[in-house]
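Residue-level structure breakdown
Residues per chain, in single letters:
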Amino acid sequence: MTTIADTRRRRGRVVARNTAVGWSFLLPNFAGFVILTMVPVVLLFYYAFTEWDVFGGATWTGLDNFRQMARDTSFWTALRNTLYYAAFHIPLTLGVSLGLALLLNRRLRGVAFFRTVAFFPYITSIVAIAQIWNMLFSPGFGPVNEVLRWIGVDHPPGWTTSADASMPAVIVVGTWRYMGYYMLLFLAGLQTIPAQLYEAALVDGASAWQRFRAVTLPGLRHTTFFITVLLTIESFKVLDLILVMTDGGPGQSTLVLSQYIFQKGFEENQFGYASAVSVVLFAICFLVTVVQFVVNKRRSA
Amino acid sequence: MKRSLAALTALLLALSASACSGDDPEESGPVTLTLAGWSLATTPEFKTLADGFRAAHPDIAVELKEYDASNYDTQMIADLAAGKAPDIYVQKNLKNFYTYQNGKQLLDVSDVAGKLGAGVGGLSSYQVDGKTWAIPYRQDSWVLFYNKALFDKAGVEHPDGSWTWDDYGTVARELTTKLKAAGDKALGAYQHTWQSTSQGFALAQTAGADLQSGDFGFLKPYYEKALALQAAGAQVSFGDATTNSLTYQAQFGKQSAAMMPMGTWYIATLLSQQAKGDADTFEWGIAPAPQATKSTTGTSATPVTFADPTGLGINPKISERKIEAAKSFLAYAASADAAKALAGIGVTPADTATAADTIFTLKGAPTDDLSKFTFTRHDTKPENPVSKYTAPLQNILKDLHTAVLSGSKPIDAAITEAQDRAKNEVLSK
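Residues numbered from 1 in each chain as written. Chains lettered and ligands numbered in written order. Predicted model: local features only at pLDDT ≥ 70, side-chain atom pairs only at ≥ 80, totals over all residues.

**Examining the overall build of chain A**
In terms of helices and strands, chain A carries 13 helices and two strands. Taken over the C-alpha trace, chain A has a radius of gyration of 25 Å; the compact-globule value for 301 residues is 19 Å, which it surpasses by more than 25%. Dimensions of chain A along its principal axes, counting C-alpha atoms only, are 95 × 70 × 35 Å. Here the contacts in chain A between residues at least 6 apart in sequence split such that 67% fall between residues at least 24 apart. (Helix = DSSP H or I, 4+ residues; strand = E, 2+ residues; numbered from the N terminus. Rg over C-alpha atoms; globule rule 2.2 N^0.38 Å. Contact = placed C-beta atoms within 7 Å.)

Right under this line is the structure:
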């Protein structure tokens, strides 16, 4: 009897010690997360209901910020532009990176080289990317328009200097930049699909398209879901690319939500209002992600 | 294991404790003032002021604290809010002065202002409710830089101070054509991509123009003229300038343009770039900015132009015993001695009349009478008139600027949209 109690006590002590060790490993990161991320995020929800110019205390204004947002045409422009960017950037990047992954998932000569090339844009400094692409897109002397004129386009678009073409230009560069990263994730996903499935499909006489539809896509479902969530969040909070490529212009044609938040907060010192817009952006990201999870769960059920 | 856990906890506690302390109120000993500045390696004016002050007050030390030039206000606001800002900090332009003053981040320095010389420009912008909150030490003005060599090559007469914007446009076109005929690829003019290149002049030179009125019709003639010059090929188009990240220093310094409206801060840059070889060596001069009407042209009139003063303010969190020293630093920065010292490095001080003799003796500086007239005679209006609404209104007008000059929106439609936005997003609050 005593031995059993002893063992139990000892086991309890082992568990407690293991828990403590686990926490101590977590603590440095967790403490940083709480202090630098959690606390500011919680505060953000408070500031969203106040008027605050950084100096001194914030004044509680209730729903005023949200009422103002409803009337604020710039906010709606920014929201529209963000949705525009997301609506094209997500499917385009998904398609291109999957295509690249399929292409580079074979035994080719120099496949490592091509994979590296596709990954390059992702590790290049975004400022350099913006400078170079802006020069390529330059309406007067840019190579892009030189080529377009050469193949017979009389009035090539002004790209980053025209209100109609600036968003497509940014989307092209955004897709180009991120395709390598998601290609890598897709490649990893492709490696996990058992080769026997393809062999079986071949034996059944499935065409390449049928094999892609019936084996590859279902096999990649978890990867695709993961990438879609990442891409969605990344698209909704796009900032750096816009800031360095067009600075929201010309006019407000590429103004996105996160840039609007930056403008209101750090340029105009309306931190309460900026927090309120952040809360809306957070809500959008949260909602879209929840919907994606629900859809994914229903499909796998 | 237990001991190591305790050690880890102790380490974490020690780390967080050390992060929280570190305040040193320095209640005794010699006074050390801290002064904000930006890009100290390429902007010598802060050191010049500190050294000059030190020479007159050997018992007071001045320490410089460096900030990033393009994010100066954002960083300063963060530091002030955190209580970590230096004793004396610079008002880089007027756009954020309201934020600092209204946010109670400036000490009343009316007593310093009361003792200033009459020649100090830009002071009135810092006066709110009958009190002065900062002291200007620089007052730049926008002028017309021109390349004498390119004018001679084209066989066009140098500016004589009598120009309106129409004259400027005519000469820009003439220069472009004649330079082309002479085999030179330089264009007549360069207008930098900033919104101030059109809006600053429009606001300063149009009678009755007022940002806060929410009526932006005064911008129209200035944009029409800029667009016409682009269309005529007499200046680089806005789109080419932004996509290729053209710098005004290279456009004028490397002789790609014969004329360029720019602030007098460019004098120091041009002198040093010519000396170092970063810019070509050529003769240049400054002329008064072109005017809206003939009435303010000619050397018997005072040309109207714009630019914000640059001033020094005192952080109200400064310790009691340092206030007198800080005030004497402000007084020195606006004094004739400091004006001469600043002019010695090419900087335009707030007291331009005192500094003219110094700045034009610098190596490479122009020596003609019109340049001297331009430097000393000007009615310089603020680019950002101080108000609660200035920063958000300027952001709206920046969108108008890029939309119009890129050709994305006709000027009338852009003005209507900007007025609607101003009413809806800013002035109604």
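Resuming the write-up.
**Looking at the overall build of chain B**
In terms of helices and strands, chain B carries 18 helices and 13 strands. For chain B, the spread of C-alpha atoms along the principal axes amounts to about 85 × 50 × 50 Å. Among the 429 residues that make up chain B, the fraction classed as buried is 48%. At a minimum sequence separation of 6, the contacts of chain B that also span at least 24 residues come to 75%. (Buried ≥ 20, exposed ≤ 12 C-beta atoms within 10 Å, placed from the backbone.)

**Focus: the UniProt feature "transmembrane region" (unreviewed entry) in chain A**
UniProt records the feature "transmembrane region" (unreviewed entry) for residues 21-49, 83-105, 112-133, 181-203, 224-245 and 271-295 of chain A in the present numbering. In the segment residues 21-49 of chain A, helix accounts for 93% and strand for 0%; the C-alpha atoms at its two ends are 41 Å apart. (UniProt positions renumbered as here; feature names shortened; annotations may be inferred.)

**Points about helix 4 (residues 111-123) of chain A**
Compared with an ideal rise of 1.5 Å per residue, which puts 13 residues at 18 Å, helix 4 of chain A spans 19 Å between its outermost C-alpha atoms and is within 8% of the ideal. Taking the largest bend as the criterion, helix 4 of chain A deviates by roughly 25°, centred on A:Val117, and proline A:Pro121 comes between one and four positions later. (Expected span 1.5 Å × (residues − 1). Bend = angle between axes of the 7 residues up to and from the residue.)

**As for the domain arrangement of chain A**
Looking at the assigned domains, one finds that chain A contains domain 1 (2-47) and domain 2 (72-300). The straight-line distance from the C-alpha centre of domain 1 of chain A to that of domain 2 of chain A is 38 Å. (Domains from an automatic or database assignment.)

**Looking at the sheet that holds strand 8 (residues 187-189) of chain B**
Residues and elements named next belong to chain B. One open sheet accounts for four strands, arranged 8-9-7-10; its pairing is mixed. Each of the sheet's edge strands pairs with one partner strand only, and the pair in question is strand 8 and strand 10 (284-288). Ignoring which end each strand starts from, the neighbouring axes of this sheet average 25° apart. Both strand 7 (residues 142-147) and strand 9 (residues 257-263) contribute to a ladder of five bridges, which runs antiparallel. Residue valine 143 lies in a different strand from strand 9, and its bridge partner there is methionine 262. (Pairing = 2+ DSSP bridges. Axes fitted to C-alpha atoms, helices over the stretch in contact; angles between N-to-C directions.)

**Re the confidence of the model for chain A**
Mean pLDDT for chain A: 89, with 99% of residues reaching 70 or above. Between the elements of chain A, mean pLDDT differs from a low of 86, seen in helix 1 (residues 2-47) of chain A, to a high of 94, seen in helix 3 (residues 73-103) of chain A. (pLDDT = per-residue confidence, 0-100.)

**Considering the nonpolar core**
Formed by 118 residues in total, the largest nonpolar core has its most connected members in B:Ile135, B:Phe145 and B:Ala333. For this core, the element with the highest residue contribution is helix 17 (residues 390-405) of chain B, accounting for seven residues. Lining this core are residues from two domains, each supplying at least three of them: domain 1 (29-140 + 308-381) and domain 2 (142-305 + 388-427) of chain B. The contact partners of B:Ala333, leaving out residues within four places of it in the chain, are B:Leu49, B:Ile135, B:Tyr137, B:Leu312 and B:Ala338. Of all hydrophobic cores here, the second largest spans 34 residues; its members include A:Leu79, A:Ile171, A:Val256 and A:Leu281. (Core = buried A, V, L, I, M, F, W, Y, C linked by C-beta atoms within 7 Å.)

**Things to note about the domain arrangement of chain B**
Residues and elements named next belong to chain B. Here the domain parsing of chain B yields domain 1 (29-140 + 308-381) and domain 2 (142-305 + 388-427). Relative to domain 2, the C-alpha centre of domain 1 lies at a distance of 27 Å. The partner domain 2 presents 26 residues to the 24 residues of domain 1 that form the contact. Of all elements in the fold, only helix 16 (369-376) and strand 13 (379-381) reach the threshold of two or more residues within the side of domain 1 that touches domain 2. Tallying contributions element by element places helix 16 first for the side of domain 1 that touches domain 2, with five residues. Class assignment of the residues belonging to the side of domain 1 that touches domain 2 gives a composition of nine nonpolar, eight polar and seven charged. (Nonpolar A, V, L, I, M, F, W, Y, C, P; charged D, E, K, R; others polar.)

**Considerations on the interface of chain A and chain B**
On the chain B side, the residues contacting the 35 residues of chain A number 30 residues. Listed by contribution, the elements that provide at least two residues to the side of chain A that touches chain B are helix 1, helix 3, helix 5 (126-137) and helix 12 (257-267) of chain A. Taken together, the residues of the side of chain A that touches chain B break down into 10 nonpolar, 19 polar and six charged.

**Regarding the confidence of the model for chain B**
All names here are of chain B. Confidence along chain B averages 89 in pLDDT terms, with 93% of residues attaining 70 or more. Long-range and interchain partners of residues 5-25, a stretch whose pLDDT sits below 50, account for four contacts in this model, where long-range means more than four residues apart. We note a pTM of 0.86 for the whole complex and an ipTM of 0.83 for its interfaces.

**Describing helix 2 (residues 45-56) of chain B**
All names here are of chain B. If you check helix 2, its first and last C-alpha atoms are 17 Å apart, about what 12 residues at 1.5 Å a residue would give, namely 16 Å. Every buried residue of helix 2 is accounted for by Glu45, Leu49, Gly52 and Phe53. When helix 2 is viewed along its axis, its buried side chains cluster within an angular range of 95° and face the same direction. The exposed set on the far side of helix 2, more than 90 degrees from its buried face, consists of Asp51 and Ala55. (Arc of directions from axis to C-beta.)

**Thoughts on the environment of B:Thr367**
Checked against the element boundaries, B:Thr367 lands in the loop between helix 15 (352-359) and helix 16. Separated by 82 residues in the primary sequence, B:Thr367 and B:Gly285 place their C-alpha atoms 8.1 Å from one another.

**Here we look at unusual backbone geometry**
Residue and element names in this part refer to chain B. Look at serine 39: it is not a glycine, yet its phi comes out positive at around 40°. A positive phi is found at lysine 104, a non-glycine position, where the angle reads about 60°. Inspection of the secondary structure puts lysine 104 in the loop between helix 4 (97-102) and helix 5 (110-114). With 11 C-beta atoms counted inside 10 Å, the residue lysine 104 sits in the exposed group.

**Looking at the pairing of strand 9 of chain B**
All names here are of chain B. Across the seven residues of strand 9, seven count as buried, placing the element largely inside the fold. Two strands pair when backbone bridges link them, and strand 8 and strand 9 are joined in this way by two bridges, in the parallel orientation. Following the sheet pairing, leucine 187 is matched in strand 9 by alanine 257.

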